[in-house]
Amino acid sequence: MATRGSTSSTNGLLPPLCNHHDEEAGPSKAFDHDDIHAPTSDPFDIAHTKNAPFETLRRWRQAALVLNASRRFRYTLDLKKEEEKEQRRRMIRAHAQVIRAALLFRLAGERQIVLGPMTSPSTPTGDYSIDLEQLASMTRDHNLSALQEYGGVKGLSELLETNLDKGINGDETDLLRRRNSFGSNTYPRKKGRSFLRFLWEAWQDLTLIILIVAAVVSLILGIKTEGLKEGWYDGGSIAFAVFLVIIVTAVSDYRQSLQFQNLNQEKQNILLEVLRGGRIVKISIFDIVVGDVVPLKIGDQVPADGILIAGHSLAIDESSMTGESKTVHKDQKAPFLMSGCKVADGVGTMLVTGVGINTEWGLLMASISEDTGEETPLQVRLNGVATFIGIVGLSVAVSVLAVLLVRYFTGYTKNPDGTVQFVRGKTSVSGTVDGVVKIFTIAVTIVVVAVPEGLPLAVTLTLAYSMRKMMADKALVRRLSACETMGSATTICSDKTGTLTQNQMTVVEAYIGRKRINPPGDSSQLNPLVSSLLVEGIAQNTTGKVFVPKGGGDVEVSGSPTEKAILCWAVKLGMNFDIVRSESVVFHVFPFNSEKKRGGVAVKQNDFEVHIHWKGAAEIVLASCTGYLDSNGCLQSIEEDKEFFKTAIDEMAASSLRCVAIAYRSYELDKVPTDEELLAQWVLPEDGLVLLAIVGIKDPCRPGVKDAVKVCTAAGVKVRMVTGDNLRTAKAIALECGILATSEEATEPTIIEGRVFRELSEKEREQVAKNVTVMGRSSPNDKLLLVQALRKGGEVVAVTGDGTNDAPALHEADIGLSMGIQGTEVAKESSDIIILDDNFASVVKVVRWGRSVYANIQKFIQFQLTVNVAALVINVVAAVSSGDVPLNAVQLLWVNLIMDTLGALALATEPPTDHLMHRSPVGRREPLVTNIMWRNILIQALYQVIVLLVLNFWGKSILHLNGDKAYAVDVKNTMIFNAFVLCQIFNEFNARKPDEINVFSGVSKNYLFMGIVGMTFALQIIIIEFLGNFTSTVKLNWKHWLITIVIGVLSWPLAMIGKLIPVPKTPLANYFTKQFQRCRAARDACFNST
C-alpha cells in the first residue's frame, strides 16, 4: 500500500470551487469559462492533458493512492521514456553507422535477416550495378561527389534500372528482386509484452501479496492443527481466490494491450502515391522499394531516403531527424532527402535510394519502443476518485482491524457454537496466531474491495473498446484523450470541401471571354489560340497526372479533386497531356498557396517565348487581370466588362459552385533570372494578366450531412463552416447542409470573410466568434484565430483540417480532426483523430462515441460505489456489534472480481445510444458523480445494507433456522453472501441507464453484457452448491435460493421508483464546496486579523 503526497477535497467527486452550473440537467453552453491551463491546488484537476507540462503529469502520479503502480500507470505516458527518447535520437544521429551494424548483427543472431558484407566491395555484385552499402554510405554521408561519379541522379537511376519519367515496372518479380537486394521499407519492432509479463504485473498488487502471505500462514497453521485433509481449506481457498483475481486481471489487460498494438499498426500505415509503369498508384509506405519514383508535395512525409530528381521551391522540415526547426531548401546542390522528414513547401519528385533500417529514421524507429501511454483527463480524475475512496476504505479497514482485535483479545469473539475463541492462558499460540491472521486477512480484503484499483483502468478498457469500434465508423484515434474530449465538444469548425461535400468535382459551367460554353466540354466553341493557351496552362500548372493506357481504355486522372476536375475538362477539350507538356519547359513554379489562393508556373516555349500561367480563386485572379481573350481569340480590355465577370462569378457561387479562374501573361526571356539561386527566389509576376477562362466546379453535398448537422444541433453542438471558398459559395452550401437555417440568417457576423475577421482586435474577435457560423475565403491563420477566440470564450472546439497550414489550428483545438483521404501527413500528425472517409457524418459518430465513453464510466462508477458503500457498511456494523463479519476474505475477493474486472467489462463496453445525442455536451470540469447518480447509489446501497443487516441480526429467526447452531450461522452467512452478490448482478442492469426508467432497452443486443451477467450468475451457483469448503458456505435449498433471488430482483422496481424522485439542479458537491469556502474564508479572516 503506498500513498504518495496528499489529495485535495475535490478528487473528481467534487467540482472546482468556481463551478456553479446545473449538473443534473446537463451543462450550460458556457460551462468552462475558466482558463483550462490555470493552476489548481488539486493535482487531479487537469482539464486538458493535450500538451500538458511534464511537471503537471508527474504531480498527479505522486498524489495517487496506488496498490499496484506498474498496472495502474501502464497506459499513462512514461515520463522517463519520453525524456530518454530525445537522448536516443541524438545518439542515433551521431552514431548511425555503428548502431546499424550492431542492429544487423543482433537481427542476424536472431535469424531475422541474413547478414551481408559490411564493407563496400570494389566491384558491385548482385542484380544491380550498385550495391546496398554504396547506396547507404552515399545517402548517409550526403556525399555529392559520389553521386556525381555515378552520373548524377540520371546515372544513378540507370544503375537502379529506373525510368525517371515512368518509374519502375512494379511487377511482383521486380519488387521481390529489389527487396532482396536493398531491403524492405520496414524495421524490426520491439515485441509487445507477453502474457506472462501481464501476470507478473497483476501480481504486484501489495494487498494481494499480503493476502498470499496470510494464506500461506493460514495454510501452515491449519494443516498443523487440523491435519492435511481438513486444514488446507482456509489458506488454500484464499490463495486460489487471489490467483483467480490475478489471472482474470492479466487476461483482461492482455486483451487491451493487443487492441492498442493493432491500432498503432494502423496509425503507422501511411498511404502514398508513387510513379510505377507510367501511372500514379497508391501504396502503403511499407511497400516502397529502392528505385521508386515518388512525387512530393506540401505536407507529405518523405517515405524513405532518396535523391531529388526535380523540384520547385522544395523546402524540407528536417527537425524530426536533426532537431533543428528551420526548413532546408533542396535543389541539385543539396539533393539528399532523409526519411521521416516533412515537405514544408514546394513540389518535387525523388528517387528512393534507402529503405528500412538502412535509413536513420528506420534505426530510430527500431530502437524506440512504441509507447502507447498517454493519460486522459478522465483517467486522471478517476485516479483522484480512486484515491479518495481508497483513503476512506483504508480508514474503515484499520477501524475494523482494531475493533476485531480488541474484541478477540477481550474474549468477546465467539465461535458459531457459542464458545469463546480466545481465553488467556488456555488458547494455544498457534490458535492465537491463526485467529489474528484471519482477522488481519479480513481487514486486508476490505482494503482490496475498498480501493477501486480497476476504476482508472476502466477508462482504458472503454477507450480501447471505443477506439476499435470507431475504426469501423471510419475514425482512427491517434490520441486517447480526444475520445473523451469529443464528448465535451460544444462546437465543430468544419471544412467544406470533402467533409460536407462529396469531393467528386466536375466542371459544369465555363466562361471563355463573355461567352458561356454550353456544354462546357464543347471544344468547337473555342478559338484555336484560346484553346492552345488554355490547355498549356492547365497541363503545366498542375500537380496532377493524366495516364492514357496503351491498349485503350478509360483515361486515368490523378491529383487533388479540383485538379482532377479541371484536367478532365481539358481532356474533353482535346488536351493531349504528355504532348502539351513536352512542347514547353517549366523553369519556375509557385505552388498553390492557401494564403494567396492561387498557384502559378513559368514555362518556356520551344521558340523561347515565356508564358506565365496562373490558376486560383476566381475573384482574386480576376483582380490581377487587365484584359481577356474573347471567344474569337482577340485581346479585349477587361475594365468595361469586369462587372460582367463578377456577376458571372456571383451567380455560379450562389449555385454552390467553386469558381476557378485561369489566366496568363507573356514575359520577356531576358528578364528571367539565369542564375539558379536567383531563379529560385524569383517572384512570378502577378499583374497584367490576361483572363482565359472562368470555370464553375460542382461538388455536391454528401448525402446524410443535413441529418448529421441536425443531430449536432439537437445535441447542443454548433456546427461552423470554415472554407477557403467564395463567401457566396459557402453560404449556398451552408444552406444546403442545414448549417444556416434561412437566407435571412446570412448577415455579418453570422457569415464573415476571413479577411474581415482577421482585421478585428483580439477582444472584438472573441465577441464576434460566438456568432460566426460561416467563414469564407479564410486562410489557415484565420481558422487558428477563430479557434483561439472560441476557446477563450469557453467553448470546447473540434476542428477539421487537411492541409499542412491547418496544423497550427489542429494543434490548438481541443480536438483536431484530420482527413484520411485528402489530409497531408503533417495535418494527420498534428491531429488527434483521423477521419478515414473525410465525411462529416463520421465526425458526428465520433461525438457519439466521446459521450459514450463518459457515460460508460459514470455507469461503472455508480455500480462500483454502490458495492463499496454496501460492503463496507455491512462489515463495519457487523464487526463492531458482533465481532464477526458475514462476508469473509474469499467471498470479498469474488465480489471484488465482479466489481472490478467483470463489472468494467460489462458496463464500460456499452455501445452509444441516440439518447446520448439528446443532451447537452458534458462539462470538462463537472463532478463525475452527478446528483442522479448519488440518488441511485444511496437508494440501492441503503436497500442492500438494510436487507443484509436484517438477515445478519435476525436471519436465523426469520428463516426458522432452529437446528444445529453452527449450521444455522453458516446458512445465514451463505444467504447474506448470496443475496449480496445477486443484488450486484441485478444492479448491473440498473447501472446501464442511470437516468432512464427502462433499464432493459437494447440489453438483448449487448451480447457481452448478457454473457458476463450470465457467467457471473452461473459461477455464483457453482460457488454456493459445489465450492462450500473453499468459500465457507453451505448448500442452499430452493426456498433460500428463491428468497435471495427475490431480494436481488426487488432492486429493479426500487430503482424505477427511485428515478421518480426529483433531484436538486445544483450539484450535491457544490453544497460541500460552499461550506469549504466559508470555512476557508473564516480562517483567512481570522489569520488576517491576527
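Residues numbered from 1 in each chain as written. Predicted model: local features only at pLDDT ≥ 70, side-chain atom pairs only at ≥ 80, totals over all residues. Heavy atoms only, no water.

This paragraph deals with the confidence of the model for the protein chain. Residues shown with low pLDDT carry predicted positions that ought not to be read at fine detail. Mean pLDDT over the protein chain: 81, with 82% of residues reaching 70 or higher. Throughout residues 1-40 the model reports pLDDT below 50, and contacts reaching past four residues in sequence, or to other chains, amount to 118 contacts. Contacts for the low-pLDDT stretch residues 111-123, under 50 throughout, to residues beyond four places or in other chains number 17 contacts. (pLDDT = per-residue confidence, 0-100. Contact = heavy atoms within 4.5 Å.)

Turning our attention to the packing of helix 38 (residues 1038-1049) against helix 39 (residues 1051-1058). Remark: helix 38 packs on helix 39, axes separated minimally by 5 Å, with the N-to-C direction vectors making an angle of 15°. Here helix 39 runs roughly parallel to helix 38, going by the angle between their axes. Across the interface between the two elements, Ile1047, Gly1048 and Val1049 of helix 38 pack against Ser1051, Trp1052 and Pro1053 of helix 39. Looking at side-chain class alone, the contact of helix 38 with helix 39 contains 4 nonpolar, 2 polar and no charged residues. (Axes fitted to C-alpha atoms, helices over the stretch in contact; angles between N-to-C directions. Helix = DSSP H or I, 4+ residues; strand = E, 2+ residues; numbered from the N terminus. Parallel < 35°, antiparallel > 145°, perpendicular 65-115°, else oblique. Nonpolar A, V, L, I, M, F, W, Y, C, P; charged D, E, K, R; others polar.)

It is possible for side chains of opposite charge to pair when their charged atoms get near one another. If you walk through the whole model with that rule in mind, you get 32 salt bridges. In this structure, Glu161 and Arg177 form a salt bridge, with 2.9 Å as the shortest nitrogen-oxygen distance. Taken together, the positions of Glu161 in the loop between helix 7 (152-159) and helix 8 (172-182) and Arg177 in helix 8 put the pair 16 residues apart, joining distant regions of the chain. The exposure class assigned to Arg177 is partly exposed, which follows from its relative accessible area of 25%. (Salt bridge = Lys/Arg side-chain N within 4 Å of Asp/Glu carboxyl O. Buried < 20%, exposed > 50% of the residue type's maximum accessible area, 1.4 Å probe, protein only.)

All chains considered together, the criterion is met by 18 aromatic pairs. Judged by centre distance (5.1 Å) and plane angle (85°), the ring pair of Phe986 and Trp1052 falls under edge-to-face. Placement of Phe986 in helix 35 (residues 965-992) and of Trp1052 in helix 39 is noted, with a sequence separation of 66 residues between them. Taken as a pair, Phe986 and Trp1052 share a single burial class, namely buried. Here Phe989 and Phe1009 contribute two aromatic rings whose centre-to-centre distance is 5.2 Å and whose plane-to-plane angle is 85°, an arrangement assigned as edge-to-face. Linking Phe989 in helix 35 with Phe1009 in helix 36 (residues 1007-1026), this pair joins segments that are 20 residues apart in sequence. Each member of the pair, Phe989 as well as Phe1009, carries the same accessibility label: buried. Taken together, the ring pairs connect Phe986, Phe989, Phe1000, Phe1009 and Trp1052 into an aromatic cluster. One Lys or Arg, Arg598, reaches over the ring of Trp614 and ends 5.9 Å from the middle of that ring. A cation sits over an aromatic face here: Arg992 above Phe1009, 5.6 Å from the ring centre. (Phe/Tyr/Trp six-rings, centres within 6.5 Å; stacked < 30°, edge-to-face > 60°. Lys NZ or Arg CZ within 6 Å of the ring centre and 35° of its normal.)

What follows is about the side chain of Ser494. Along the polypeptide, Ser494 turns up in strand 11 (residues 491-494). Note on Ser494: relative accessible area 0%, which makes it buried. In this structure, Ser494 is in contact with Thr499, Leu500, Arg720, Met721, Val722, Thr800 and Phe840, ignoring residues within four places of it in sequence.

Our focus in this paragraph is the nonpolar core. Ranked by size, the top nonpolar core spans 150 residues in total, and within it Ile815, Ile833, Phe840 and Phe980 carry the most contacts. For this core, the element with the most residues is helix 32 (residues 840-882), which contributes 19 residues. In this structure Phe840 touches Ile492, Ser494, Thr499, Leu500, Arg702, Val705, Ala708, Val709, Cys712 and Val719, once residues within four positions along its chain are discounted. Ranked by size, the runner-up nonpolar core spans 38 residues in total, among them Ile130, Met138, Leu156 and Leu296. (Core = buried A, V, L, I, M, F, W, Y, C linked by side-chain atoms within 4.5 Å.)

With that out of the way, let us pick up the side chain of Asn1006. As for its position among the elements, Asn1006 is in the loop between helix 35 and helix 36. Side-chain polar atoms of Asn1006 contact the backbone nitrogen of Phe1009, separated by 3.2 Å. Leaving out residues up to four positions away in the same chain, Asn1006 has contacts with Thr909, Glu910 and Pro911. (Polar contact = N/O pair within 3.5 Å; in protein donor to acceptor, adjacent residues only side chain to side chain.)

Before going further, it helps to spend a moment on unusual backbone geometry. Glycine aside, a negative phi is what most residues show, and trans is what most peptide bonds show. Between Asn518 and the following residue, Pro519, the backbone shows a cis peptide bond with an omega angle of -5°. Residue Pro749 is reached from Glu748 by a cis peptide bond, and omega for that bond is 5°. Tracing the chain through its elements places Pro749 in the loop between helix 26 (727-737) and strand 24 (751-753). The residue Lys474 is not glycine, and still its phi comes out positive at about 65°. Its location among the elements puts Lys474 in the loop between helix 17 (454-472) and strand 10 (475-477). Here the phi dihedral of His960 falls at roughly 55°; this positive angle occurs in a residue that is not glycine. Of the residues examined, His960 reaches a relative accessible area of 63% and is grouped as exposed.

With that settled, consider the sheet that holds strand 11. The sheet built from 8 strands is open, its strands ordered 10-28-27-26-11-23-25-24 with mixed pairing. Looking at strand neighbours, the two that pair on one side only are strand 10 and strand 24, the edges of this open sheet. If you compare each strand with its neighbour and ignore which way they point, the axes differ by 20° on average. Bridge analysis of strand 26 (residues 797-801) against strand 27 (residues 815-819) gives 4 bridges, and the strand direction is parallel. Opposite Val799, over in strand 27, you have Gly816 as the bridge partner. (Pairing = 2+ DSSP bridges.)

Looking now at the pairing of strand 27. Most of strand 27 is tucked away, with 5 of its 5 residues classed as buried. Neither face of strand 27 is left uncovered, since the one carrying Ile815, Leu817 and Met819 and the one carrying Gly816 and Ser818 both have all their residues buried. On the question of chirality, the crossover connecting strand 26 to the parallel strand 27 by way of helix 30 (residues 807-812) is right-handed. As paired strands, strand 27 and strand 28 (residues 833-835) are joined by 3 bridges and run parallel to one another. Bridge assignment links Ser818 to a residue of strand 28, and that residue is Ile834. Where the polypeptide runs from strand 27 across helix 31 (residues 825-830) and back to strand 28, its parallel neighbour, the crossover connection is right-handed. (Right-handed = clockwise from strand over helix to strand, strands pointing away.)

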